[in-house]
Amino acid sequence: MPLDRTKLTRRSLLGAAAGAGALAVVTGASGGGDSSEAPTPEELAREYPHGPLHSGARGHVDAAANGFDPDAILTDFDGGTVTTLPGGRTLRTWEVVAREKEIQVAPGVSFLAWTYNGRVPGPTFRATEGDRLRIRFTNATGHPHTMHFHGIHPSNMDGIPGSGPGGLVEPGATFTYEFDATPFGLHLYHCHTFPLATHIHRGLYGAFIIDPKTPRPDAHEMVMVMNGFDTNFDGANEVYAVNTVAFHYMHRPIKVRRDELVRIYLVNVLEFDAINSFHLHANFFHYYPTGTSLTPAELTDTISQVQGQRGILEVRFPYAGRFMFHAHKSEFAELGWVGMFEVT
Amino acid sequence: VTTEAKQAHRAPGWILAAIPISLLAILALLLLAFDLPGLDRNGPPIEDVAVERTELRPGVIELRVRNDGPDAVRLAQVVVNDAFIAEASLPTEPIGRLGQATVRIPYLWNEGEAYEISLLTSTGVTVAHSIEAAAETPKADAGFFGLLGLLGLYVGLIPVMMGMLWLPFARRAREPVVRFLLAVTVGLLAFLAVEAVVEGIDQAGQGAQSFGGASLVFLGALLAYVAMTGVDGWLRRRRAGADGWRVALLVAIGIGLHNLGEGLAIGGAYAAGALALGAFLVIGFAVHNTTEGLAIVAPVARERPRLRSLVLLGVIAGLPVVPGAWIGGLASNPQVTALLLGVGAGAIVQVVQQILPALRPSGERRGLEPAIATGLACGLLLMWGTGLLVG
């Protein structure tokens, strides 16, 4: 169902750079970096007579070193291992391991993340309404953790302290969460261990998609988890992003085709800030709050979400070119939550 | 065996003195060579970076930073007013302990606006630095030297010289009046020392703390006190001139050292755009420092110093503001300013100690006369009151 992302060619990269003059300059300026080779203030002032054109990070994050790539996270929907139960129901099983992992959330800025399967956000679980889901969760960290799914399920599968053995999975322990996929829509999962703010903002969250029994129309689909990182642990975010790496989709615009249906599964897990938002430039999208209805609630170019809120966006880009998307909160955007679509 | 033979077998004194030092050196070498266990600090790296100097030019903000913590720090990103700046240039190598580095940020800053700069280190620690009101950093050209030089003359040399014009009055005055003037002088100087220590501690709090922070003020003060005591002893041995002249020279040196530190502070504030230059400030400083002139001439009221000597005293006391302001405007850092303010305070304390005996009528051994105590209080209040003009 999901389309594979076109491999980025050298030509497309050059084109991208040319398209955003500022970005080309960014790459050039951050390449040298050595203060001895750095341009003098006067040279800089000549080079940027109007100052920097966009906010942006110096350099790039090495996806290989991080162990996950925001480009891949857009589309790596994980349907699990599929078997059929007696009676014909589909059973999907996943193995999830919680691990501590040092990741880069902005170029050169590392963050000791707590991860599901070594990535932030965790795997994007995908099932069809009515499937039986079985998630075998092992805690390989030094703290107790849980997996708390949004959805409809019995209380002993809720993954909160006091709900039974799944409510506090001790270091080294394993617990299997099992429940039905319902209702259809876009949901999320996250750790629900005290202190909650720490366990969530450290990276223990992910998207959870339940497709309706009659699938939605074919589309170019992608997942965006809006998150942030409190790198100095002062109770406020220093870095904002979609899919973890600040400014990633500015450096690597998301490539889509003119007039094709683009479907974005948008989840907000941002800790510490009350509200996050999504704004798309020069285009309007249909918005399906929580994805629980097949009828859109709104045609708009800006929506807001509190923590845990999510929704599905559907858009067709009538024009080729580069279209920015970002939090319509300037601070979040300029601290990393900004990206580009490249429409061809 | 005779005593002489015993002494011949004894090791020379310097070898005995060298034994503990040698053992200490061997111990240090062993610790370093074998990296003995248990000496490593536990826990995550401690990252502490101080911003020592801020320069603003059109379209550019430049910070001079110093690693003020025990571990090397790698700067990764620059954020100005909640926006990442990709074009900022940072050192590619980590900054070592006490190392310095320059951060250049292209940014269209606006005059008078506040900026919050945050340097993000590789571990996600933030180094916060506030620019309270942006103003262009003066360039080190002829105009800069001229302006600060002129300011130094207004604030230092001219008022001190004017204050010295109290000499004819002091000379004509009767002996109790001269002692009263000396008491006023002591009060003035004592409060000057207090001010210097307070400002020095304030300065020391602004920069890197690894060099000792506020203890630099007291280091400077103690060194100056010792040095001034040495100068005093040297002058006494040379019996250069009369006793009053010697005290006046010491007072001039003490005030000169103080004014050097004051000049640094003025220059630094000017470079940072924090000094509102204006007639009021100059008048305030002038009134404030005129009283310093009185302190110099009071000890020589009963003598007949030559005009040339008096001018020399005035120059020693008042001129150091000029080089102080230049250095402060160009390359001040808070630690040096704090140290020099301490030096001024220590020198003044030594001078006060010199003058104190002259406050009593000769041969008198009892406590201070009420008039002298009043003089001391007047001096303290006068220096405090004129200080208000400077703000």
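Residues numbered from 1 in each chain as written. Chains lettered and ligands numbered in written order. Predicted model: local features only at pLDDT ≥ 70, side-chain atom pairs only at ≥ 80, totals over all residues. Heavy atoms only, no water.

> Whenever I open this one, the overall build of chain B confuses me. Can you help?
When you go through chain B residue by residue, the secondary structure sums to 12 helices and 6 strands. Across the 391 residues of chain B, 50% fall into the buried class. Residue pairs at least 24 apart in sequence account for 77% of intrachain contacts in chain B once pairs closer than 6 positions are excluded. Working note: accessible area of chain B is about 19,100 Å², and carbon and sulfur atoms make up 66% of it. (Helix = DSSP H or I, 4+ residues; strand = E, 2+ residues; numbered from the N terminus. Buried < 20%, exposed > 50% of the residue type's maximum accessible area, 1.4 Å probe, protein only. Contact = heavy atoms within 4.5 Å. Areas by Shrake-Rupley, 256 points an atom, 1.4 Å probe, with all protein chains shown as cover.)

> Looking at this structure, I do not really get the packing of aromatic side chains. What am I missing?
The way to describe two aromatic rings as a pair is by their centre distance and the angle between their planes. All names here are of chain A. Following the criterion strictly, the structure yields 26 aromatic pairs over all chains and no others. Between the aromatic rings of Phe278 and Phe325, the centroid separation amounts to 5.9 Å while the plane-to-plane angle is 25 degrees, which identifies the pairing as stacked. With Phe278 in strand E15 (residues 275-280) and Phe325 in strand E20 (residues 321-326), the pair connects residues that are 47 residues apart, well separated along the chain. Exposure remark for Phe278: the relative accessible area of 0% places this residue in the buried category. For Phe325, a relative accessible area of 0% translates into the label buried. One aromatic cluster in this structure is built from Trp94, Tyr116, Phe125, Phe137, Phe149, Phe179, Tyr189 and Phe208. Positioned above the aromatic ring of Phe77, the side-chain terminus of Arg126 is 4.6 Å from the ring centre. Directly above the aromatic system of Phe332 lies the positively charged group of Lys329, at a separation of 6.0 Å from the ring centroid. (Phe/Tyr/Trp six-rings, centres within 6.5 Å; stacked < 30°, edge-to-face > 60°. Lys NZ or Arg CZ within 6 Å of the ring centre and 35° of its normal.)

> Can you help me understand the sheet that holds strand E5 (residues 124-128) of chain A in this one?
Within a sheet, each strand pairs with its neighbour through backbone hydrogen bonds, oriented either parallel or antiparallel. The 5 strands are arranged E1-E5-E10-E9-E7 (chain A) in an open sheet whose pairing can be described as mixed. The open sheet has two free edges, formed respectively by strand E1 (77-78) and strand E7 (148-149) of chain A, since each of these has just one partner strand. (Pairing = 2+ DSSP bridges.)

> Can you help me understand a nonpolar patch on the surface in this one?
Residues and elements named next belong to chain B. A cluster of nonpolar side chains, Trp14, Ile15, Leu16, Ile19, Leu23, Ile26, Leu30 and Phe34, forms an exposed patch at the surface whose accessible area comes to about 860 Å². Relative to the helices and strands, Leu16 resides in helix H2 (residues 13-34). In this structure Leu16 comes out as exposed when scored by relative accessible area, which is 52%. (Patch = residues over 30% accessible without salt bridge, like charges linked within 9 Å, V, L, I, M, F, W, Y side chains within 5 Å. Salt bridge = Lys/Arg side-chain N within 4 Å of Asp/Glu carboxyl O.)

> I would appreciate a short explanation of the pattern of salt bridges in the present structure.
Where side chains of opposite charge bring their charged atoms close, a pairing between them can arise. Residues and elements named next belong to chain A. In the structure shown here, the tally under the stated rule is 23 salt bridges over all chains. Residue Glu221 is joined to Arg126 by a salt bridge in which the shortest nitrogen-to-oxygen separation is 2.8 Å. Separated by 95 residues along the polypeptide, Glu221 in strand E11 (residues 220-229) and Arg126 in strand E5 bring together distant segments of the chain. Put simply, Arg263 and Glu314 hold a salt bridge, and the shortest N to O gap is 2.6 Å. Placement of Arg263 in strand E14 (residues 261-268) and of Glu314 in strand E19 (residues 310-316) is noted, with a sequence separation of 51 residues between them. Accessibility assignment for this pair places Arg263 and Glu314 in one class, buried. When salt bridges that share partners are traced, they join Arg89, Arg132, Arg134, Glu178 and Asp180 into one network.

> In this structure, what is going on with the side chain of B:Thr185? I would like to understand it.
Examined against the element boundaries, B:Thr185 turns out to sit in helix H5 (residues 175-204). What B:Thr185 contacts, discounting residues up to four positions off in sequence, is B:Leu294, B:Ala295, B:Ala298 and B:Ile355.

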